[in-house]
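One letter stands for each residue in the lines below.
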Amino acid sequence: MKMRGNITTILLLVSLLAVALISSVVGQNNNKKGGGLQDNFYGKSCKSLEKIVRDITSKKVQADPTLGPKLLRLHYHDCFVRGCDASILIDPVNGNNTTEKNAPPNRSVAGYEVIDEIKETLKTQCPKTDVSCADILALSARDAVTALTNEKSLWKVFTGRRDGRVSVASEASRDLPSGGSNITTLLNLFDRFGLDRTDLVALSGAHTIGVTHCPLVFRRLYNFTGKGDTDPALDSNFAEDLKKRCPPPVAVGATTVDLDSGSALTFDSNYFTGLTNNHGVLTSDAALLNDPASAALVKKFGSFKKFKEAFAKSMIKMGAINVLTGNDGEIRKNCRVIN
């Protein structure tokens, strides 16, 4: 009996050790996928966090659908500069316009007020918990896009980010992808942040919602090679339609053009269908067809199911770029001001 008891004890210890090892490996893999972030980081300290963010974001987007792409763009522009640390939210101090918010690529970014409202609501609903502005950005982007679909939730948002203390306009101008970029530039830029070709094409699919401004399209329409010509990569009929929407002379910040013609407020795969018909509005859109592997992905993502799955994975990867966790950074009391 004693021997059987010892054997039972040994087997139990071996089983517990195996479980511990498996849990450790899963934890490591989750950290690798989430950049050190966690599933349900605020589960005990602020159980209603995701519901609060979802309710406020959905209500705002339902009242003004254009906020959907704006909140997604806000998260995107944050993550590509110093990582997902909410540095794009920091206001300039004493008239010093050198924060990311004032960089040329960010001057048309909007949605800041929604983030402010969520932050203030969380202070009331979870007074003992400081939720980072970076986590609010990530959650609101997911919920804003989801609000433009019939889906329950498009991707999982891992949390535990902390906020950065540095915001530099010149870094935003340097690191943010340009609408005029070619495929080589785009691939190299994404590679710097650990994102691959699939991520590039999938995340470009964000252009299935939202608009761009005529000045960013003007050169393609009227002076592509400096000789008063139109980019031959554009479908001729589509180019004429764009010219009607963006007649010369063009003023900065003036007329806007849908990035996904006829479907700019619906999150679908119509953007990729448009690309295959040479209806990509920006040079960076059309560039996806200039690489065989990228072009194959464009064709593949014409299926909304395949695009949606790839977009979800790429958003999780993007949301983990150079995140601050643990004791790094801070949790801002006011998203616009460094503590």
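Please read all numbers here as calculations on a predicted model, not as lab measurements.

This paragraph deals with the nonpolar core. Counting residues in each nonpolar core, the largest one holds 77 residues, and the members touching the most others are Leu 74, Leu 89 and Phe 311. If one sorts the elements of this core by residue count, helix H5 (residues 133-146) sits on top with nine residues. Residues within four places of Leu 89 in sequence aside, it is in contact with Leu 74, Lys 101, Tyr 112, Ile 115, Cys 133, Leu 137, Arg 332, Cys 335 and Arg 336. Counting 13 residues, the second-largest nonpolar core is a separate cluster that includes Leu 221, Leu 242, Val 257 and Leu 282.

Another point: the pattern of salt bridges. Taken as a whole, this structure holds 23 salt bridges when the rule is applied. The salt bridge involving Asp 39 is made with Lys 156; its shortest N-O contact spans 2.8 Å. Remark: Lys 156 occurs in the loop between H5 and helix H6 (169-175) and Asp 39 occurs in the loop between helix H1 (2-34) and helix H2 (49-63); sequence separation between them is 117 residues. Take Asp 39: its relative accessible area is 46%, and that puts it in the partly exposed class. According to the relative accessible area criterion, Lys 156 is partly exposed, its value standing at 37%. With a shortest N-O distance of 2.6 Å, Lys 51 and Asp 55 are connected by a salt bridge.

Once that is clear, we can look at the state of the cysteines. Taken as a whole, this structure holds four disulfides when the rule is applied. Across the disulfide from Cys 46 sits Cys 126; the S-S distance is 2.0 Å. Between Cys 46 and Cys 126, the S-S dihedral sits near 75°, and the bridge is therefore right-handed. In this pair, Cys 46 sits in the loop between H1 and H2 while Cys 126 sits in the loop between helix H4 (112-125) and H5, placing the two residues 80 residues apart along the sequence. For the pair formed by Cys 46 and Cys 126, the shared burial category is buried. Between Cys 133 and Cys 335 runs a disulfide, and the two sulfur atoms are separated by 2.1 Å. Across the S-S bond linking Cys 133 and Cys 335, the dihedral sits near -95°, which makes this disulfide left-handed.

Thresholds applied
- Residues numbered from 1 in each chain as written.
- Predicted model: local features only at pLDDT ≥ 70, side-chain atom pairs only at ≥ 80, totals over all residues.
- Heavy atoms only, no water.
- Core = buried A, V, L, I, M, F, W, Y, C linked by side-chain atoms within 4.5 Å.
- Buried < 20%, exposed > 50% of the residue type's maximum accessible area, 1.4 Å probe, protein only.
- Helix = DSSP H or I, 4+ residues; strand = E, 2+ residues; numbered from the N terminus.
- Contact = heavy atoms within 4.5 Å.
- Salt bridge = Lys/Arg side-chain N within 4 Å of Asp/Glu carboxyl O.
- Disulfide = S-S within 2.5 Å.

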